[in-house]
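A look at the structure
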Amino acid sequence: MSSLSRDEVANLARLARIEMSDEELVSLASEFTVILEAVARVQEVAGADVAPTSHPLPLRNVFRPDVTTPSLTPEEALSGAPASEEQRFRVPQILGEEA
Amino acid sequence: MIHSSASEMATALAKGEVTSVALTQLHLDRIASVDKDVHAFLHIDTEGALAQASAVDAKRAKGEKLSPLAGVPLALKDVLAQKGVPTTCGSKILEGWRPPYDSTVVANLKKNDIVILGKTNMDEFAMGSSTENSAYGPTHNPWDLSRIPGGSGGGSAASLAAFEAPLAIGTDTGGSIRQPAAVTGTVGVKPTYGGVSRYGLVAFSSSLDQAGPCARTVLDTALLHEAIAGHDPRDATSINAPVPQVVAAAKSGDVKGMKIGVVKELNGDGYQPGVRARFEESLELLAKAGAEIVEVSCPNFEYALAAYYLIAPSECSSNLARFDAMRYGLRVGDVDGASAEEVMNLTREVGFGREVKRRIILGTYALSSGYYDAYYGSAQKVRTLITQDFTSAFAKADVLVSPTCPTTAFKIGEKSNDPLAMYLNDIATIPVNMAGIGGMSLPSGLADEDGLPVGFQIMSPVMKDERMYSVGAALEAALLSKWGAPILSKAPALGGVA
């Protein structure tokens, strides 16, 4: 379990939406074997009786008053966009033929 | 003047001995003369800084009541959004992005009339311990330009040590304020999680990230702490409680009767002899100042590093999904017929560096079905155990202490091909982030074997940040009277006028 093959890394890269060269996949796979062995140590002490902590603060459902406050203009919101058109973000084709 | 502390500069400004414009210009000149060697800055906002300085001078001339640090210049880590000023996070994927809004930290700096000189270099998205992972080249340690300044906030720490700025802002997810402070002979504080707003701080690991103050003295750090801290309705994890009285604590520096707990597990094998010697010496000085030194044990700390390298990558794999080439930042491969997914894949290949990709993939794995319980789930349990260790230790001591890092600054390139060796730098700083408590690093002297700065770490319970400032101020005063001059006076002169 504590090692990853080139193909497993390729699948993770696909899930994470990162194109990777074959060379990169192979070298990451070998690094992960070492890293996973080191991080797998958490399993030694994580007994069933220990509750998980996801966050340092015991906060739940923090609300603020529902009041309208000034926000970005469309120009400001689009100022960093790689492409925009008619006050909208212009994006590449989302629905492919295979879909 | 640039070698003074921020408080001394503030006093000179208040007395009219210098204007903020002149003080800002002195620092801009210093940056122009030494930053080609240090490379602490990614962007220098000459025009913006001088405009801000001139506005403070005008307010002062009119006799307006100003905040304690008004008119003093500061270096800002490039992970915090500043309206209209390039914000890259050390990444190619954000090259040229100018945020349309201010982070709350920046808004607070502006409200306090603190002059922002520019944006400092960092490991890409704050992932690293050496600033070598910046897409824009490494920062060099002013003590020895062939060595790392720590990371991820190496630029902020180096700017202080190079006298390019008397104040800086860092962010600390696993030690990114404290470890750079330690290896550059400066002071850095990670406040209690939730003490400083994360609004506009580009997220790496949301449950661990915390912005904080950096400076050359404990008092300056406290003044900056109070300027940026406080509740912010725009950050749901911001603590709605009064800011700890850190300035008063730094001014009094009283440790009489305080119990200081030495964490047994954070000192010993793997710590450089010079680091251990300076640590022991600091303990003796604190005992002389009236503190009681006790030993505490935190047995689960040995699992902290492993848990951190599951939790932080898991959260980062989710947080960095926002860099999708659609709304801001880089877009690659947007040719006729290319799908959104192909554009995302190509953009993220080109835009992210090696370490960022490594952590996104590791996080994607740790969160994936079938492995979630074994990795991310177990790491969350370790987080509980670490918090429990702190709770028991704080029942026996008011603050806990350790060396900030196991070694002094290493050579640039020395560990860049060994991720695990690099991760070990943060072994003593990570537990603090896991539990969300406060942590400070301040200089404890130079290691005998290499003459490089060593950091002393002080940890305080949630929202008791004032305690680390009391202890820090006491130790700083004792060390200063032993040395006769601040530690940075021993650093070699940089090119140009010292």
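Okay, so let's go over this structure.

Analysis parameters
- Residues numbered from 1 in each chain as written.
- Chains lettered and ligands numbered in written order.
- Predicted model: local features only at pLDDT ≥ 70, side-chain atom pairs only at ≥ 80, totals over all residues.
- Heavy atoms only, no water.
- Helix = DSSP H or I, 4+ residues; strand = E, 2+ residues; numbered from the N terminus.
- Buried < 20%, exposed > 50% of the residue type's maximum accessible area, 1.4 Å probe, protein only.
- Contact = heavy atoms within 4.5 Å.
- Salt bridge = Lys/Arg side-chain N within 4 Å of Asp/Glu carboxyl O.
- Pairing = 2+ DSSP bridges.
- Axes fitted to C-alpha atoms, helices over the stretch in contact; angles between N-to-C directions.
- Buried area = accessible area lost by both parts, 1.4 Å probe.
- Polar contact = N/O pair within 3.5 Å; in protein donor to acceptor, adjacent residues only side chain to side chain.
- Nonpolar A, V, L, I, M, F, W, Y, C, P; charged D, E, K, R; others polar.

**Side note on the overall build of chain A**
Within chain A, the secondary structure is distributed over three helices and two strands. Starting at the N terminus and walking to the C terminus, you meet the elements of chain A as α-α-α-β-β. Along the first, second and third principal axes, the C-alpha set of chain A runs to 50 × 45 × 25 Å. Here chain A holds 99 residues, and the buried ones make up 28% of them. For chain A, restricting intrachain contacts to residue pairs at least 6 apart in sequence, the fraction spanning at least 24 positions comes to 33%.

**Examining the pattern of salt bridges**
Scanning the model with the defined rule gives 26 salt bridges over all chains in all. The closest approach of N and O atoms between R331 of chain B and D334 of chain B, which form a salt bridge, is 2.9 Å. In the salt-bridge network here, residues are joined through shared partners; they are E31 of chain A together with R354, E355, R358 and R359 of chain B.

**What about the sheet that holds strand β11 (residues 453–460) of chain B?**
Residues and elements named next belong to chain B. The strand order β1-β3-β2-β4-β6-β5-β10-β11-β9-β7-β8 describes an open sheet built from eleven strands, whose pairing is mixed. The open sheet is flanked by β1 (41–44) and β8 (292–296), the only strands paired with a single partner. Direction aside, the axes of adjacent strands within the sheet are offset by 30° on average. Those strands touched by helix α2 (residues 20–38) are β1, β2 (73–77) and β3 (115–120), and its axis lies near 20° from that of β3. On top of the sheet, helix α3 (residues 46–61) reaches β1 and β3; it is set at about 160° to β3, its chief contact.

**Examining the interface of chain A and chain B**
Listed per partner, the contact involves 57 residues of chain A and 62 residues of chain B. It is R17, V42 and P92 of chain A in chain A that bury the most area against chain B; as a group they hold 12% of the surface buried on that side. The tally of links between chain A and chain B comes to seven salt bridges. Where chain A meets chain B, there are 20 residue pairs in polar contact (both at pLDDT 80 or more). Across the side of chain A that touches chain B, the residue classes break down as 36 nonpolar, eleven polar and ten charged.

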